[in-house]
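Geometric and topological summary
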Amino acid sequence: MLFILLIIVHVLVSLIIVGLVLLQAGKGADIGSAFGGGGSQAVFGSMGTPTVLGKLTAAVAVVFLLTSFSLTAIGHKRSSSIMPATAPPPASAPAPAAPAPAAPGAPTPTPGQK
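Described in the following lines is the structure provided in the data block.

What counts as what
Residues numbered from 1 in each chain as written. Predicted model: local features only at pLDDT ≥ 70, side-chain atom pairs only at ≥ 80, totals over all residues. Heavy atoms only, no water. Helix = DSSP H or I, 4+ residues; strand = E, 2+ residues; numbered from the N terminus. Expected span 1.5 Å × (residues − 1). Buried < 20%, exposed > 50% of the residue type's maximum accessible area, 1.4 Å probe, protein only. Contact = heavy atoms within 4.5 Å. Axes fitted to C-alpha atoms, helices over the stretch in contact; angles between N-to-C directions. Parallel < 35°, antiparallel > 145°, perpendicular 65-115°, else oblique. Left-handed = near helix turned anticlockwise from the far one by under 90°. Nonpolar A, V, L, I, M, F, W, Y, C, P; charged D, E, K, R; others polar.

The next thing to look at is helix α4 (residues 52–78). Residues separated by three or four positions in an α-helix point in the same direction, a consequence of the helix having 3.6 residues per turn. Here α4 contains 27 residues, and its C-alpha end-to-end distance of 39 Å stays within 8% of the 39 Å for a straight helix at 1.5 Å per residue. Those residues of α4 not exposed but buried are Thr-57, Val-60, Thr-67 and Leu-71. Check the buried side of α4 and you find it contacts α1 (2–23).

Put into structure tokens, the structure is as follows:
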């Protein structure tokens, strides 16, 4: 039950991270004006104060990291191989029954005849 709950939380957190990253403006948004426009301090300088979206992304990333580690640890305990450790002995077919001896004086059947 915990494993399924962690998977649900992990998927939701990953979708939230994708949304938060797409909402943020990139650091190189002004890269066109940086070369020759005098805006190189903004592009190559310090990032400045972190925004609310940046802090939220960092917090969600930590939750994603924790769920990833938890799923790995739980999955390792639950793991099972599709290949058995030792191969089972091959199933041998029962030997065909020996034909009953024919009664003396009875005609012997030919191979295509019953």
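To continue, consider the packing of α1 against α4. Look at α1 against α4: their axes get within 9 Å of each other, and the N-to-C directions meet at 150°. Put simply, α1 runs roughly antiparallel to α4. Remark: the crossing between α1 and α4 carries left-handed chirality. Counted by class, the contact of α1 with α4 contains 19 nonpolar, seven polar and one charged residues.

Further remarks concern the side chain of Thr-67. Checked against the element boundaries, Thr-67 lands in helix α4. Setting aside its immediate chain neighbours within four residues, Thr-67 contacts Leu-6, Val-9 and His-10.

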